[in-house]
Amino acid sequence: MAEGENEVRWDGLCSRDSATRDTALENIKQAILRKAEPLRSVKVLPYRSSEQPLNAASWDGFNRILARLLMLSKRCPFEDVREKSQFILKCVQELGIRIPRPLGHGPSRFIPEKEILQVGNEDAQMHTLFADSFAALGRLDNITLVMVFHPQYLESFLKTQHYLLQMDGPLPLHYRHYIGIMAAARHQCSYLVNLHVNDFLHVGGDPKWLNGLENAPQKLQNLGELNKVLAHRPWLITKEHIEQLLKAEEHSWSLAELVHAVVLLTHYHSLASFTFGCGISPEIHCDGGHTFRPPSVSNYCICDITNGNHSMEEIHVAGSVSITDSFCEVEALMEKMKQLQECRDEEEASQEEMASRFEIEKRESMFVFSSDDEEVAPTRDISRHFEDTSYGYKDFSRHGMHVPTFRVQDYCWEDHGYSLVNRLYPDVGQLIDEKFHIAYNLTYNTMAMHKDVDTSMLRRAIWNYIHCMFGIRYDDYDYGEINQLLDRSFKVYIKTVVCTPEKATKKMYDSFWRQFKHSEKVHVNLLLIEARMQAELLYALRAITRYMT
Amino acid sequence: MEKMARVTTALGGNTLTGRTMYCHLDAPANAISVCRDAAQVVVAGRNIFKIYAIEEEQFVEKLNLRVGRKPSLNFSCADVVWHQMDENLLATAATNGVVVTWNLGKPSRNKQDQLFTEHKRTVNKVCFHPTEAYMLLSGSQDGYMKCFDLRKKDSVSTFSGQSESVRDVQFSIRDYFTFAATFENGNVQLWDIRRPDRYERMFTAHNGPVFCCDWHPEDRGWLATGGRDKMVKVWDMNTNRAKEIYCVQSIASVARVKWRPECKHHLATCSMMVDHNIYVWDVRRPYIPSAMFEEHRDVTTGIVWRHLHDPYFLLSGSKDSTLYQHIFKDASQPIERANPEGLCYGLFGDLAFAAKESLVTADSNRKPYPGDRRHPIFFKRKLDPTEQFESVSSSALSVFETEPDSSSMGWFVDTARRYALAGRSLAELCDHNAKVAKELSRNQVAQTWTMLRIIYCSPGTMPSANLNHSIGKGSASLPLMNSFNLKDMASGMGSEARLDWSKGENRSENILLDSSATLITNDENEETEGSDVPADYLLGDVEGDEDELYLMDHENAHTEEPEYVLPQEAFPLRHEIVDNPSGPDHLQDKADSPHVSGNEAETVSLTPVESFSLISISHTLYESRLPPDFFSALVRDMLRFYAEQGDVQMAVSVLIVLGERIRKEIDEQTQEHWYTSYIDLLQRFRLWNISNQVIKLSTCRAITCLNQASTTLHVNCSNCKRPMSNKGWICDRCRQCASTCAVCHHVVKGLFVWCQGCSHGGHLQHILKWLESSTQCPAGCGHLCEYT
């Protein structure tokens with residue numbers, strides 16, 4: 001195999017200097033054409049060449065390169081790169097080699113492609129964001145393309161993620177990606193796992209680790225338990241968990257490393273929620289994101305059909321409630337908000353009443369999704385690297401576990417969590433704090449077709465409902481409001497996305513808030529993931545604080 | 001707890017007595033407050049609300065205010081305050097947003113008086129008016145502050161913080177109508193209670209939430225604030241703009257701050273996270289707390305001075321469910337354990353070092369360090385009469401002076417300026433640099449450049465005439481030059497290094513002999529010479545005159561001994577010189593020892609130098625046509641040698657000039673280290689352009705990114721004075737070209753100089769000319785422009 005000279009180098013493409021990109025593209029073109037030359041003469045189908053393993057391997061590598069080119073031609077924020085990649089692909093095609101085409105329909109399976117911003121149509125601010133993201137990672141992932149509905153949040157999100165993964169920090173780079181993989185695998189999020197497997201290998205991680213956690217160093221294995229508890233029952237984290245990690249002799253974690261790991265774990269747990277909650281499609285250059293088969297009617301991707309992505313009648317089935325009905329939904333919600341606003345001072349619920357409202361809400365949240373047992377969640381290919389029985393998801397909450405109450409007035413992010421994180425992992429507290437603030441305060445004062453609405457009450461209800469599911473109570477909140485504002489289908493969606501994201505379906509996504517815009521549903525998802533991250537962080541950090549005192 | 005001292009202080013009529021003591025509470029405390037007569041304290045928390053009497057030996061529970069069967073959130077207190085006028089009146093802030101007042105004079109068990117449920121979120125703070133009996137102020141998470149009249153059922157006025165959470169509210173002690181409020185976004189606002197529509201004044205005090213504030217009990221303009229950014233700041237509010245007058249950096253976020261009574265500059269703080277101690281700071285001494293109470297096992301949540309006029313008793317409540325009375329006598333003083341030391345570089349390379357006297361004297365029994373020009377100066381700190389603890393500290397100051405000559409780094413600056421590092425062929429670069437070095441009479445360096453040229457430039461491309469010429473020039477005085485080979489050079493370098501080492505040893509022994517009688521020695525600073533002089537000796541010049549010339553200079557330098565002027569201004573505290581025990585010795589020392597030792601050292605070091613310093617390159621080298629790689633190990637050693645000698649300039653310059661040829665030989669980290677050192681030096685000499693050039697030419701990734709950081713320049717439009725958001729020259733607000741010259745009214749391309757005050761400016765030349773005749777802005781805006 002031709003190495004060195006023939007190796008295709010992608011790094012120049014991330015440059016902001018168009019001349020550098022140009023040279024890099026030219027080099028890529030040369031390298032690819034050089035590689036294509038010998039392959040062209042072989043008239044064996046790529047995947048059946050068992051008698052020529054070497055050749056198969058080189059085909060495999062070449063196809064990966066083509067897939068990457070395809071990704072660039074669609075998803076690069078720089079127009080010149082997009083055009084040139086397209087051109088190179090065409091050249092390859094002209095040589096008689098099969099080129100890939102993207103599968104699926106845009107970055108999200110839930111949101112029609114035309115609703116999502118096309119790369120190339122972004123405004124200046126978004127372009128800067130895209131270019132930053134591309135420069136940092138060498139790609140523009142689907143998550144970014146969906147989040148760009150809310151550029152203000154996206155900026156903070158990317159900044160934080162970039163800091164966590166690439167900037168100064170106590171953990172080595174490959175550990176960071178591996179922890180990301182661990183966290184995403186907890187929710188069987190193959191999308192994130194695939195992305196980070198690539199990154200993990202790119203920063204020089206040992207491929208052996210990817211065969212399962214038992215092949216990773218003992219130190220990372222120790223983190224498995226925390227990962228599990230944090231993802232599904234964060235309220236069970238005690239200072240003993242922390243102690244076990246910190247006092248494991250040669251495999252022990254330092255406090256700073258642990259905080260870094262905890263932030264990464266919570267980040268990826270909640271990002272997995274987002275991925276499923278918005279139905280993010282596989283990246284074009286990853287497995288399942290492209291195909292070499294020519295388009296034909298009979299060859300629809302199974303995935304697309306099960307999720308009913310492009311058949312119109314699906315939508316009709318889902319939207320069995322008539323348009324006027326759902327219109328009323330919005331009106332009713334707004335009416336309720338208004339009522340709550342006005343009559344708040346009049347009737348004052350007794351203290352016991354308030355306390356029981358919280359308990360009721362908490363208990364109910366346990367059973368919210370018992371009804372969707374019948375629903376067949378689409379079978380996804382579970383991340384191949386972590387197919388490990390001990391890793392199977394255990395449905396903790398279904399058994400009506402008692403969740404103890406965590407009072408936010410005694411330990412909150414602003415006063416306590418922030419200080420601890422910033423002390424042990426400087427600057428990250430600040431970044432996360434900013435992200436929470438933006439997510440919590442983000443509003444365009446619109447609701448579906450209505451303008452100039454104060455949505456703070458609704459946002460607070462969503463946020464507190466999620467915290468309520470985790471047993472976090474705000475003394476100064478009347479949990480009766482949640483029942484008024486969030487209807488059942490919405491609660492089912494929230495509960496599913498936050499607790500068992502892998503079970504989220506397009507049906508759930510479609511059936512709540514039918515009249516709302518997609519951008520508003522993405523907004524809801526942002527609230528969900530940030531509230532979830534904060535809840536997990538609060539439990540983990542409280543345990544660390546208790547360990548330290 | 002062992003040393004429990006009993007303290008008695010007289011306060012007018014009544015007397016406070018007590019000892020350090022504590023009692024267990026049933027639950028974590030959130031806040032505490034004391035009664036006016038200092039005899040009782042109230043403790044409030046989520047699950048506790050009790051009054052304790054402070055007795056001589058112990059706390060005695062007087063009253064449990066949490067009555068009733070069912071726990072109510074109204075009892076879950078975030079804050080509590082005891083009225084300072086009426087000892088029966090208390091107010092609490094509940095986590096569910098309710099403000100409750102309590103009347104201890106009620107006959108029933110339930111002392112709850114009034115309930116205000118106006119706040120929608122947690123109330124963080126309540127505060128009584130210091131003189132007005134019925135006025136209560138509250139600040140809440142919902143962003144509102146409310147003023148209640150206890151004779152009425154509802155609030156009398158509401159102050160809006162624009163939905164930014166209020167963390168603390170405090171009535172001014174002297175200004176009847178004023179109160180301060182602190183916010184989660186870092187702002188502090190001053191309000192007049194008569195004007196609920198708008199705050200009087202606002203300023204940003206901290207980065208992140210401001211958790212607490214406290215008005216100075218005596219000085220009416222001072223406000224102390226503490227924030228999540230770990231700072232305590234003292235603001236002078238008398239001036240038009242709030243002025244930060246003191247800033248104390250703590251190690252954790254600051255949850256409470258309380259001025260210490262009767263001590264103008266003292267305040268107590270406690271933290272919200274991680275740190276459990278209570279500190280008492282002297283704001284004038286912000287780096288080390290003047291006292292520290294370490295009793296609590298979990299974070300301290302409430303601190304209060306027991307009596308308004310007594311500085312020695314501090315009460316505190318904590319999450320560890322204890323209530324403490326701290327006595328100042330029992331406080332630990334970090335200052336006792338600290339070793340105050342100061343180190344400072346002077347403008348001309350002098351180094352001053354001050355340390356505790358005890359440390360220095362203990363130290364001087366050891367072998368004195370060569371080059372220590374120690375001035376035996378002892379200071380005694382003037383005692384502060386207000387200070388309860390007398391920390392007698394006297395310190396010694398040592399000053400290491402550099403030779404006036406050797407300290408002059410003129411050669412460094414000149415070399416940096418004149419070296420050529422890129423843009424020409426290697427041979428030319430080497431020649432040029434050799435010439436520069438030669439002109440600055442740094443012959444060894446010049447020789448090295450010449451050799452590099454010979455090693456790395458293939459002979460084919462080099463006209464022999466030129467070669468001869470350059471060598472001839474570089475070594476006109478070297479008659480033996482053709483008879484040595486490279487081996488000599490290597491060994492020469494090595495032995496020189498060794499020699500240098502042994503020389504140092506010799507010298508220190510000499511000094512030991514010379515100065516054994518005195519504790520404090522005063523002699524040559526060999527440090528700078530060490531890096532410079534041997535380098536000159538190694539020049540490969542057999543010729544003696546130059547060396548002698550150099551030595552002559554050296555001698556001259558000695559004769560004009562530096563005056564021992566005390567840098568008094570370096571010590572801002574009012575020290576007085578207490579004694580100068582080794583004064584005479586020191587004088588004597590100065591008279592002979594440095595000279596003797598210095599001369600000795602030089603004669604010793606001179607002889608061996610001459611014996612081996614003949615270095616050159618044989619012409620046969622070319623014939624053998626060794627690949628340049630052959631020498632790279634040698635060159636690497638040479639670079640290392642220079643770097644170790646302190647001439648990192650040479651190392652980096654060669655590194656840049658040779659580029660790829662040598663780069664692989666030296667590991668990244670070392671290179672990076674050299675680069676950063678050199679860049680640091682260049683920047684100290686303000687050679688910005690050159691340092692930037694070096695950054696640009698460097699191949700280390702860590703270095704090249706140095707000048708990529710913070711490259712944004714924020715500019716205001718000179719017309720509308722708003723920030724230019726657009727890239728380019730046109731202001732997108734007023735649609736005009738922003739960068740026109742105020743003098744000639746043409747668009748400036750190239751160097752544009754402008755005043756940061758009024759955003760006007762223009763061509764550098766024009767502005768310079770204008771300012772010769774006028775101080776006002778050429779645009780006629782009336783601004784007195786300043787250009788620096």
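Residues numbered from 1 in each chain as written. Chains lettered and ligands numbered in written order. Predicted model: local features only at pLDDT ≥ 70, side-chain atom pairs only at ≥ 80, totals over all residues. Heavy atoms only, no water.

(A) The overall build of chain B, seen in detail. If you tally the helices and strands in chain B, you get 19 helices and 37 strands. Counting only residues that meet the buried cut, chain B has 52% of its 788 residues in that class. Partitioning the intrachain contacts of chain B with sequence separation of at least 6 by distance along the chain shows that 52% fall at a separation of at least 24. In the form shown here, chain B has an accessible surface area of approximately 38,100 Å², with 51% of it arising from carbon and sulfur atoms. (Helix = DSSP H or I, 4+ residues; strand = E, 2+ residues; numbered from the N terminus. Buried < 20%, exposed > 50% of the residue type's maximum accessible area, 1.4 Å probe, protein only. Contact = heavy atoms within 4.5 Å. Areas by Shrake-Rupley, 256 points an atom, 1.4 Å probe, with all protein chains shown as cover.)

(B) Seen up close, the overall build of chain A. Of regular secondary structure, chain A possesses 22 helices and six strands. Taken across its 549 residues, chain A has 55% of its residues classed as buried. For chain A, the proportion of contacts with a sequence separation of at least 24, taken over those separated by at least 6, is 77%. A total accessible area of about 23,400 Å² is found for chain A, and carbon and sulfur atoms account for 52% of it.

(C) Geometry of the nonpolar core. Counting 137 residues, the largest nonpolar core has Met-147, Leu-223, Phe-274, Ile-462 and Ile-494 of chain A as the members making the most contacts within it. No other element matches the 16 residues that helix α22 (residues 518–548) of chain A contributes to this core. Residues contacting Met-147 of chain A, with those up to four places away along its chain left out, are Tyr-153, Leu-154, Phe-157, Leu-271, Phe-274, Leu-526 and Ile-529 of chain A. Counting residues in each nonpolar core, the second largest holds 49 residues, with Cys-457, Leu-639, Ala-643 and Val-694 of chain B among its members. (Core = buried A, V, L, I, M, F, W, Y, C linked by side-chain atoms within 4.5 Å.)

(D) Fine view of the sheet that holds strand β7 (residues 59–64) of chain B. All names here are of chain B. If you trace the four strands from one edge of the open sheet to the other, you get β4-β5-β6-β7, paired in antiparallel fashion. Each edge of the open sheet carries a strand with a single partner, namely β4 (31–34) and β7. Each strand of the sheet is rotated relative to its neighbour by a mean of 25 degrees, with strand direction disregarded. (Pairing = 2+ DSSP bridges. Axes fitted to C-alpha atoms, helices over the stretch in contact; angles between N-to-C directions.)

(E) Representation of the packing of aromatic side chains within the structure. All names here are of chain A. A complete count under the given rule lists 42 aromatic pairs over all chains for this structure. Judged by centre distance (4.3 Å) and plane angle (25 degrees), the rings of Tyr-493 and Phe-512 are stacked. Of this pair, Tyr-493 sits in helix α20 (residues 488–499) while Phe-512 sits in the loop between α21 (506–511) and α22, placing them 19 residues apart in sequence. Take Tyr-493 and Phe-512: they sit in the same class, and that class is buried. Taken together, the aromatic side chains of Phe-110, Phe-490, Tyr-493, Tyr-509, Phe-512, Trp-513 and Phe-516 make up a single cluster linked through ring pairs. (Phe/Tyr/Trp six-rings, centres within 6.5 Å; stacked < 30°, edge-to-face > 60°.)

(F) Here's a closer look at a nonpolar patch on the surface. Among the surface-exposed residues, Leu-751, Leu-764 and Leu-768 of chain B lie close enough to one another that they form a single nonpolar patch of about 290 Å² accessible area. You can see Leu-764 of chain B is positioned in helix α19 (residues 764–773). (Patch = residues over 30% accessible without salt bridge, like charges linked within 9 Å, V, L, I, M, F, W, Y side chains within 5 Å. Salt bridge = Lys/Arg side-chain N within 4 Å of Asp/Glu carboxyl O.)

(G) The sheet that holds strand β29 (residues 310–318) of chain B, seen in detail. Residues and elements named next belong to chain B. Strand order in this open sheet of four strands is β3-β30-β29-β28, and the pairing throughout is antiparallel. Of all strands in the sheet, those bounded by a partner on one side alone are β3 (21–24) and β28 (300–307). Pairs of neighbouring strands in the sheet enclose a mean axial angle of 15 degrees, with direction left out of account. Taken together, the five bridges between β29 and strand β30 (residues 322–327) define a ladder with antiparallel strand orientation. Its bridge partner being in β30, Leu-315 is matched across the sheet by Gln-325.

(H) The pairing of strand β8 (residues 77–82) of chain B, seen in detail. Residues and elements named next belong to chain B. For β8, the buried fraction is high: six of the six residues fall into the buried class. As judged from the five bridges shared by β8 and strand β9 (residues 89–94), these two strands associate in the antiparallel manner. Among the inter-strand pairings, Val-81 is bridged to a residue of β9, identified as Ala-91. Between β8 and β9, which pair antiparallel in sequence order, lie six residues.

(I) Representation of the pattern of salt bridges in the model. Applying the stated rule across the entire model yields 35 salt bridges over all chains. Lys-219 of chain A is paired through a salt bridge with Glu-257 of chain A; the nearest N and O atoms lie 3.0 Å apart. With Lys-219 of chain A in helix α9 (residues 218–232) and Glu-257 of chain A in helix α11 (residues 255–277), the pair connects residues that are 38 residues apart, well separated along the chain. Here Lys-219 of chain A and Glu-257 of chain A have matching classes, each one buried. Members of the salt-bridge network, linked through shared partners, are Arg-407, Asp-410 and Asp-475 of chain A together with Arg-46 of chain B.

(J) Structural detail: the confidence of the model for chain A. Residue and element names in this part refer to chain A. Here chain A averages 76 in pLDDT, while 77% of its residues score no lower than 70. The model gives residues 1–5 a pLDDT under 50, and that stretch makes three contacts with residues more than four places away or in other chains. Counting interchain partners and residues more than four positions distant, the pLDDT-below-50 stretch residues 296–323 has 22 contacts. (pLDDT = per-residue confidence, 0-100.)

(K) Here's a closer look at helix α6 (residues 443–456) of chain B. The end-to-end C-alpha distance of α6 of chain B, which contains 14 residues, comes to 20 Å, matching closely the 20 Å that a straight helix rising 1.5 Å per residue would cover. Judged by how many residues are buried, α6 of chain B sits mostly within the fold: 14 of 14 residues are covered. (Expected span 1.5 Å × (residues − 1).)

(L) Highlighting the environment of Arg-101 of chain A. Residue and element names in this part refer to chain A. Checked against the element boundaries, Arg-101 lands in strand β1 (residues 101–102). The exposure class of Arg-101 is partly exposed, given its relative accessible area of 25%. For the pair Arg-101 and Ile-284, spaced 183 residues apart in sequence, the C-alpha to C-alpha distance is 8.6 Å.

(M) Fine view of the interface of chain B and chain A. Taken together, the contact between chain B and chain A spans 25 residues of the former and 22 residues of the latter. Between chain B and chain A, roughly 2,300 Å² of surface is buried when both sides are summed, and carbon and sulfur atoms account for 48% of that area. Of all residues in chain B, the largest losses of buried area upon contact with chain A belong to Arg-46, Arg-228 and Met-273 of chain B, amounting jointly to 29% of the total for that side. Linking chain B with chain A are five salt bridges, by the criterion used here. Here Asp-415 of chain A makes a salt bridge to Arg-167 of chain B, at a shortest N to O gap of 2.6 Å. At the surface where chain B touches chain A, the tally comes to 10 residue pairs in polar contact (both at pLDDT 80 or more). Residues that form the side of chain B that touches chain A fall into these classes: seven nonpolar, eight polar and 10 charged. (Buried area = accessible area lost by both parts, 1.4 Å probe. Polar contact = N/O pair within 3.5 Å; in protein donor to acceptor, adjacent residues only side chain to side chain. Nonpolar A, V, L, I, M, F, W, Y, C, P; charged D, E, K, R; others polar.)

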